[in-house]
2 protein chains.
Amino acid sequence: MTKPPVIDPRRTLTLRDVSEASGVSEMTVSRVLRNRGDVSETTRERVLEAARALGYVPNKIAGALASQRVNLVGVVIPSLSNMVFPEVMTGISETLEDTGLQPVVGVTHYSPEREESVIYEMLSWRPSGMIVAGLEHTEAARAMLAQAGIPIVEVMDIDGTAVDSAVGISHDRAGRQMAEAILAAGYRRIAFLGTMMPHDHRARKRLQGFEEVLSRHGLTLADREFYSGGSALLKGREMTAAVLDRSPDVDFLYYSNDMIGAGGLLHCLDRGIDVPGKVGLAGFNGVELLDGLPRKLATMDACRLEIGRRAAQIIAAKHPDGIIGGEVIELFPTLQPGDTIRRV
Amino acid sequence: MTKPPVIDPRRTLTLRDVSEASGVSEMTVSRVLRNRGDVSETTRERVLEAARALGYVPNKIAGALASQRVNLVGVVIPSLSNMVFPEVMTGISETLEDTGLQPVVGVTHYSPEREESVIYEMLSWRPSGMIVAGLEHTEAARAMLAQAGIPIVEVMDIDGTAVDSAVGISHDRAGRQMAEAILAAGYRRIAFLGTMMPHDHRARKRLQGFEEVLSRHGLTLADREFYSGGSALLKGREMTAAVLDRSPDVDFLYYSNDMIGAGGLLHCLDRGIDVPGKVGLAGFNGVELLDGLPRKLATMDACRLEIGRRAAQIIAAKHPDGIIGGEVIELFPTLQPGDTIRRV
DNA sequence: ACTACGGCTGTTAGCGATAACATAGGTGAT
DNA sequence: ATCACCTATGTTATCGCTAACAGCCGTAGT
């Protein structure tokens, strides 16, 4: 009664193969495999058995086309290698886990053009939502996102205009806050050490806020040093050495991230410099790494995990297709003074 | 002559919209957008203009279904947070960039079941190839991969049987090599400090090779300490403290990764322990971080970038569909003695 | 002038699934 | 016994795009 199985063993299987093997219609197989609609227990078992025996893997491409539904969420981030985005990813995955949605990551390397093309590629797969780092995008990218008809969440930063929703912290405010704390502790000759990346808008905004507070107190940066590429820890050491060499009277080093801050801290300890007495230090991000250092670096956590979670929640909530207007969620980082700022 | 544009502005655009807007057939639009087949210059421009004006984004789902081609490569890795896989990813992205192929990442958290389901999900999108970390998978996962009819590359490890191709190093050999070097330097009371993860097969194989060399020299591990979760740097400190406390006569600490090794090193330096005179240390991976430490930790690089590149090359090469038999590429890590093993 | 051919465009038929509706039995209420 | 109704299954028509082939036109060769 069954057809002879003279089919090409290389050919990939379809619903039809399973349906023939189990003697029911393709539709019923589809129902079983998706757990949707009523199917009798005996049929269900027969179908599952056949599917398993054949090693059938559904074709989601066809499924998505037919159902106009895709369980993918695009996540566009600048980099995977700096510790901060993986943590956002963790928050996203965690939250999406229970929703049937799945994150798909794209990396832009801080290039707006690459970001545009990554967004284009992703949208062409018609995801259920998009999470994009930052508020700065090319004109075209913004337009695509706005038109896509799906929930868009821009994360990390809220200083600017969101396409739809946004979850993040104010980096400007974070910079100010750190400046206040440093000034309150009595430091006055302050240097900045950071990345050279022209498209790291968040670092830029922090510095901006930072400098503004300084200037409000009649101060300017005593020195500044930039780097790009290479081992951040090592760069932190080198930059710190350079700054302290060049400006021996500097009494505070403000780093654009914890990794170079940690390098600077190690350098100071090596040199026997009194921290935080003679020189204070502070970074940004609150990375786990800091816990293992000989002394705890002052920092400000960027709420990375929480940002990922909230962003994913927004996507998941809108999933059922009620196009609600975008919401902007501001999170507030806490200052962790650590051991590298004088206590007042 | 043109239909009144009374269409729902929310509706997502299709080829038909562009075709109507530019006055040519859908097929011609498709040809223009894919740069395939002959299209006159004037038509091409008209179409591109229309597509741009409308903000049309092609539907790759439909495209993939029709053409039976998907430009995606699935990459399945255990984790994003430990520095080693992001680097593999970098090698992969880099190499895939010129091929029109695009990596899609899935994370398993070292869980075989999760790995199986990630693989299933990915295969259901019919990617052009798969890159999977490790050689150990569930029965079902192996079967799916083998049946998929696409190039499969298992990366990081070559001690075992590959489903198709493999690119990696022998962790067993790496463990042996490190043991030889340690013994050659005269250390005899050796402790191991590592992760508790039952599914980190590569760490297990390294330890296995390591212990075998010890036992060939009539030795066994003097102590061992395991951890899971938390800040690796901090854990490294804590574990090291514990071991040195418990077994004060230990003269070498072999760590399963550089991060905890670095923590251990910092601890020893804090305590003023003579490294490498009284106690030697070694890690594994060759992470960039080490460059910034006060002293360079002995390690062995895992060829991560190169592994990513070679794996991607294999996928790209097979892309045109000649199902060549699998190849196994062994890379050879080099021992970097650093400053934490006595020179002989 | 006739044929051949290459450049350009259109037509037709799926790709493999699912939504929506249709149908065959059984069940319970009246 | 009749009808309404629910369960379990099948049928039909897309989804948006591309492969494959078909057609038209102009130019060049003979």
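Residues numbered from 1 in each chain as written. Chains lettered and ligands numbered in written order. Predicted model: local features only at pLDDT ≥ 70, side-chain atom pairs only at ≥ 80, totals over all residues. Heavy atoms only, no water.

This part takes up empty space enclosed by the protein. For the structure on display, the rule yields one cavity of 30 Å³ or more. Taken as a whole, the largest cavity spans an internal volume of roughly 30 Å³. As for the largest cavity, its lining consists of Leu233(A), Leu266(A), Leu289(A), Leu293(A), Leu233(B), Leu266(B), Leu289(B) and Leu293(B). Across the lining of the largest cavity, the residue classes break down as eight nonpolar, no polar and no charged. (1 Å grid on protein atoms, 1.4 Å probe; cavity = no way out; pocket = protein on both sides within 12 Å on 5 of 7 lines; lining within 4 Å. Points joined across faces, edges and corners; volume = space filled by probe spheres on them. Nonpolar A, V, L, I, M, F, W, Y, C, P; charged D, E, K, R; others polar.)

The subject of this paragraph is the packing of helix α8 (residues 171-184) of chain A against helix α9 (residues 201-216) of chain A. Residues and elements named next belong to chain A. Running from N to C, α8 and α9 point in directions that differ by 40°, and their axes come no closer than 7 Å. Compared by their axis directions, α8 and α9 come out oblique. Crossing of α8 against α9: the hand is right-handed. Counting all contacts with α8, which are made through His171, Asp172, Gly175, Arg176, Met178, Ala179, Glu180, Ile182 and Leu183, the residues of α9 involved are Arg202, Lys205, Arg206, Gln208, Gly209, Phe210, Glu212, Val213, Leu214 and Arg216. Tallied by class, residues from the contact of α8 with α9 come to seven nonpolar, four polar and eight charged. (Axes fitted to C-alpha atoms, helices over the stretch in contact; angles between N-to-C directions. Helix = DSSP H or I, 4+ residues; strand = E, 2+ residues; numbered from the N terminus. Parallel < 35°, antiparallel > 145°, perpendicular 65-115°, else oblique. Left-handed = near helix turned anticlockwise from the far one by under 90°. Contact = heavy atoms within 4.5 Å.)

As assigned here, chain A comprises domain 1 (15-58), domain 2 (70-170 + 304-334) and domain 3 (172-301). On a C-alpha basis, the centres of domain 1 of chain A and domain 3 of chain A stand 61 Å from each other. (Domains from an automatic or database assignment.)

Residue and element names in this part refer to chain B. In space, the six strands of this open sheet follow the order β2-β1-β3-β4-β5-β11, with parallel pairing throughout. What marks the edges here is a single partner per strand, and that holds for β2 (102-107) and β11 (328-330). Strand-to-strand twist across the sheet, computed as the mean angle between neighbouring axes with direction ignored, equals 15°. Bridge count between strand β5 (residues 165-169) and β11: three bridges; the pairing is parallel. The residue bridging glycine 168 from the neighbouring strand is glutamate 330, located in β11. (Pairing = 2+ DSSP bridges.)

Here we take up the protein's contact with DNA strand D. Near DNA strand D, the surroundings consist of 24 residues, among which Ser25(A), Thr43(A), Leu15(B), Ser30(B) and Tyr56(B) are the closest. Of what DNA strand D places within 4 Å of the protein, 69% of the atoms are sugar or phosphate. Within the contact set of DNA strand D, a phosphate oxygen lies 2.2 Å away from a side-chain nitrogen or oxygen of Ser30(B). Within the contact set of DNA strand D, a base nitrogen lies 3.2 Å away from a backbone nitrogen or oxygen of Ala62(B). Elements with a contribution of two residues or more to the surface near DNA strand D: α2 (26-34) and α4 (60-67) of chain A together with α2 (26-34) and α4 (60-67) of chain B. (Near = heavy atom within 4 Å. Polar contact = N/O pair within 3.5 Å; in protein donor to acceptor, adjacent residues only side chain to side chain.)

Around DNA strand C, a shell composed of 25 residues is seen, among which Leu15(A), Ser30(A), Tyr56(A), Arg69(A) and Thr43(B) lie nearest. Among atoms of DNA strand C positioned within 4 Å of the protein, sugar and phosphate together represent 67%. For DNA strand C, a phosphate oxygen lies 2.4 Å from a polar atom in the side chain of Tyr56(A). Here a sugar or linking oxygen of DNA strand C sits 3.0 Å away from a polar atom, N or O, in the side chain of Gln68(B). For the surface near DNA strand C, the elements supplying multiple residues, two or more each, are α2 and α4 of chain A together with α2 and α4 of chain B. The greatest single-element share of the surface near DNA strand C, amounting to five residues, is contributed by α4(A). Partitioned by chemical class, the residues of the surface near DNA strand C number eleven nonpolar, ten polar and four charged.

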